[in-house]
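Structural characterization, general
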Amino acid sequence: MTASHPASTSTDDSSFPPGATQGSTRWLVRAEGVNFANTLSDTEDLSIIRGASLALLRIDRFVEAAIARIPGATASLLFSGASQCLVEVRLAAPEASFGAYLERAVADLLRQLRQAGPKADPAHPRAGLDEPFEHLSLVVDAEPHFDADDRAPVVARLEARNRSRQLRDWSLPPPGPVSLADAPDNACDPFDRVRPAQVSIDLPKDKVDMSPALVDVSKRPDGGQRVRVSASTRARRAFGRTQRKAFYGDELAAEGLDAPFPAAVSVTDSLEEIVEKPHPTRRDGSVLPVSLRNKVAVIYADGNAFGKIREHVTLDTFSATLTRHRREFLAEILCWYLGELKGPDWSGFATWNPKAGDEPGVEKALRLETLLWGGDEFIFVVPAWLAVPFVERFLAQSAGWEIEDKALAEAGVSGRLTHSLGVVIANAKTPIRLLRARAQDIADRAKSVGYRDRSTATFEIFESIAPPDVTIAGTRANQYGLGAVPADAREAAQDTVTKALALPGDRFSDLVARIVTLKDGDPAQDLPGFPRSQLYGALRAAQATGSLVTAAADRAVTEHFSEYLGRFGGQKRLTLEALRLPATEADGRGAALDLALLVQLWDYVGLGIGVASDATANEVAA
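Now for a look at the structure at hand.

The rules behind each value
- Residues numbered from 1 in each chain as written.
- Predicted model: local features only at pLDDT ≥ 70, side-chain atom pairs only at ≥ 80, totals over all residues.
- Heavy atoms only, no water.
- Helix = DSSP H or I, 4+ residues; strand = E, 2+ residues; numbered from the N terminus.
- Contact = heavy atoms within 4.5 Å.
- Areas by Shrake-Rupley, 256 points an atom, 1.4 Å probe, with all protein chains shown as cover.
- Expected span 1.5 Å × (residues − 1).
- Buried < 20%, exposed > 50% of the residue type's maximum accessible area, 1.4 Å probe, protein only.
- Arc of directions from axis to C-beta.
- Salt bridge = Lys/Arg side-chain N within 4 Å of Asp/Glu carboxyl O.
- Phe/Tyr/Trp six-rings, centres within 6.5 Å; stacked < 30°, edge-to-face > 60°.
- Lys NZ or Arg CZ within 6 Å of the ring centre and 35° of its normal.
- 1 Å grid on protein atoms, 1.4 Å probe; cavity = no way out; pocket = protein on both sides within 12 Å on 5 of 7 lines; lining within 4 Å.
- Points joined across faces, edges and corners; volume = space filled by probe spheres on them.
- Nonpolar A, V, L, I, M, F, W, Y, C, P; charged D, E, K, R; others polar.

1. Section: the overall build of the protein
Counting secondary structure elements, the protein contains 20 helices and 15 strands. Across the protein, the fraction of contacts at a sequence separation of at least 24, relative to all contacts at a separation of at least 6, is 74%. Of the roughly 26,200 Å² of accessible surface on the protein, 51% is carried by carbon and sulfur atoms.

Structure follows, in structure tokens:
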């Protein structure tokens, strides 16, 4: 395939094992979406991101459509997840040139999709593919498969070919020929600021800040904007908008839910819409704290050591098991949301549909977004007030996920499917690409200190409206006083903070319950709520020592609480132990870091929003 399009395939004689006959009836094909910075994270518009993400989730459809163009080739999907897939191809007769045939088939399919555009017509069909594959960077490679029992070496060569192909290919999918008539004044796409703006779409009023050269207001008497954008933005956004509800329906159909969405419910389409009014009230009837009202939570989860498990079980076994568990969790979340809509506190889970004029009959929009799904990872966006109950539900449901296989037992490898979660809470105006990268970084840091055999959740909360402008290491150095630590001990101090902030998945509910009791008290034990002012008093005492990772800081916290409990402990029935939180490490965390974590989570726990919904999947679907 020429370099005129980002999708490419390759095979050559060096791909065959020494002494093997080149002609084979069995081939493996691996495809992967790459260059996400230019095809997925190049915009802040959730519809465009969603469109690219969901298309990547279905990359197997593209590969199978290409293979179907080759006479005598039969495809069987072995694995598909997120942006990757592995397909086995059987041929009617041994063939040494299958790679070349696949290359031509991929090129022809992409050419057809480009000609058809986002909406096919009889003259320009899209081969049954609604996904905007022609605007993604795809690499496709083929290898002969001579040993049916051992795919691992073949897959390893395919992965290497994919990486090599990516490095030699375009990092940005070329837009194709653009005339001055299509893009006057050399105007670029207002969403990605890179591609030429050559086609038009209709947007609600003031959706984005457009330059006058891009807008033709006269065509939208309702005050909206007809805006010129790139063909890539138009295709990805159109697919993302049509899939807002269809994605959930497709995923849940496998779980026996034929109609999980009420007709009058949609989903929000931007971070700002996720936190729009009406704001919910707390369970005691009080208003939501101001600090939470305009904040979203980006929740990233990545599987721990899934690659190691894959080495010992078949790909289809691993993929089928993980997909089933993930769909069960998705069903749980949607039933939770939709079940709450039937109650008086629905505003915590939905807002009035901000696009009611464009979606007649749709009254409410769920405060929920799925930015990544499938494979080892997922990303959800929820309002800040639902972050803790969302994480608690996932950790509780995933606690029993496991692949039981004889090969794993013989190899001494655990089949438990644990995850590292990174949760970033920040103002809804913060760039989504920054929040995604931050959430992934803090999840990876938990793995880097050895937490690859258990589930953990790490929260990072930004109270300021300004987005973070330093690295996580820099942020933590400022927050926990690591600059006061000797230079040769700062790396170890960073690891100490990482371990302290990685909350234990198997005790997360206990941690939440502990904070709720501290905040609200326990009438059964005649225990009142703990005064927040004392938390900040102890924290100031610890900060005065210079660093929160030192024994001096721990002593300052203990002395402050001991003095307070000495005066009021008997009356309030409090102990120092009641102020400590469950930790991932067996020996716990230092008192100062424990306190810092308690202060950080205080506003986000025990709100009484989304505490429990007993609605079952079938009841919601009914």
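2. Observations regarding helix H4 (residues 98–116)
For H4, built from 19 residues, the straight-helix expectation of 27 Å at 1.5 Å per residue is met to within 8% by its first-to-last C-alpha distance of 27 Å. Of all the positions in H4, only Phe-98, Gly-99, Leu-102, Ala-105, Val-106, Ala-107, Leu-109, Leu-110, Gln-112, Leu-113 and Ala-116 are classed as buried. Tucked inside the fold, the buried residues of H4 contact strand S1 (24–34), helix H3 (59–67), strand S2 (73–81), strand S3 (84–95) and strand S4 (137–144).

3. Looking at unusual backbone geometry
Residue Asn-35 is not a glycine yet carries a positive backbone phi of 55 degrees. Relative to the helices and strands, Asn-35 is located in the loop between S1 and helix H1 (36–39). When its relative accessible area of 16% is taken as the criterion, Asn-35 is described as buried. For Ala-305, which is not glycine, the phi torsion reads 55 degrees and is therefore positive. Summarising the element assignment, Ala-305 is placed in the loop between strand S8 (295–303) and helix H9 (306–310). Overall, the relative accessible area of 33% leaves Ala-305 in the partly exposed class.

4. A closer look at helix H16 (residues 508–520)
End to end, H16 covers 18 Å across 13 residues, agreeing with the expected 18 Å (1.5 Å per residue, within 8%). Phe-508, Leu-511, Val-512, Ile-515, Leu-518 and Lys-519 are the residues of H16 that are buried. In a view along the axis of H16, the buried residues occupy a sector of 125 degrees, so they form one face of it. Where H16 is buried, its residues meet helix H11 (387–398), strand S14 (456–461), strand S15 (502–504) and helix H19 (591–601).

5. Here we look at the pattern of salt bridges
One pass over the full model with this rule turns up 27 salt bridges. We note a salt bridge from Arg-26 to Glu-88, for which the minimum N-O separation is 2.7 Å. Of this pair, Arg-26 sits in strand S1 while Glu-88 sits in strand S3, and the two are 62 residues apart along the sequence. Glu-88 gets classed as buried once you look at its relative accessible area, which sits at 7%. With a shortest N-O distance of 2.9 Å, Arg-195 and Asp-42 are connected by a salt bridge. With Arg-195 in the loop between helix H5 (152–168) and strand S5 (199–203) and Asp-42 in the loop between H1 and helix H2 (46–57), this pair connects stretches of sequence that are 153 residues apart. Relative accessible area serves as the criterion here: at 4%, Arg-195 is assigned to the buried category. Judged by its relative accessible area of 6%, Asp-42 falls in the buried class.

6. What about the packing of aromatic side chains?
Within the structure shown, the criterion is met by 21 aromatic pairs. Note on Trp-346 and Trp-352: the rings are 4.8 Å apart at their centroids and 65 degrees apart in plane angle, and the pair reads as edge-to-face. By relative accessible area, Trp-346 is classed as buried at 15%. Judged by its relative accessible area of 48%, Trp-352 is partly exposed. Clustering of aromatic rings is evident, with ring pairs tying together Phe-329, Trp-373, Phe-378, Phe-380, Phe-390, Phe-394 and Trp-401. The ring of Trp-346 carries Lys-364 above its face, with NZ or CZ at 4.1 Å from the centroid.

7. A look at empty space enclosed by the protein
Under the counting rule described, the total for this entry stands at 3 cavities of 30 Å³ or more. In this structure, the largest cavity encloses a volume near 60 Å³. Looking at the lining of the largest cavity, the elements that each hand over two or more residues are H2, helix H6 (231–253) and strand S11 (369–372). Per-element accounting of the lining of the largest cavity gives the leading share, 4 residues, to H6. Residue classes in the lining of the largest cavity are distributed as 5 nonpolar, 2 polar and 3 charged. Each pocket or cavity is described by its volume, and for the second largest cavity that value is around 40 Å³. Lining the second largest cavity are Phe-459, Glu-460, Thr-475, Arg-476, Gln-479, Tyr-480, Leu-501 and Gln-600. Sorting the residues of the lining of the second largest cavity by element identifies S14 and helix H14 (472–480) as the ones contributing at least two each. Element by element, the count of residues in the lining of the second largest cavity is highest for H14, at 4 residues.

8. What to know about the environment of Val-423
Relative to the elements of secondary structure, Val-423 occurs in strand S13 (residues 419–427). For the pair Val-423 and Ala-297, spaced 126 residues apart in sequence, the C-alpha separation works out to 6.5 Å. Every residue in contact with Val-423, bar those within four places of it in the chain, is listed here: Ala-297, Val-298, Ile-299, Ala-387, Val-391, Ile-442, Thr-458, Phe-459 and Glu-460.

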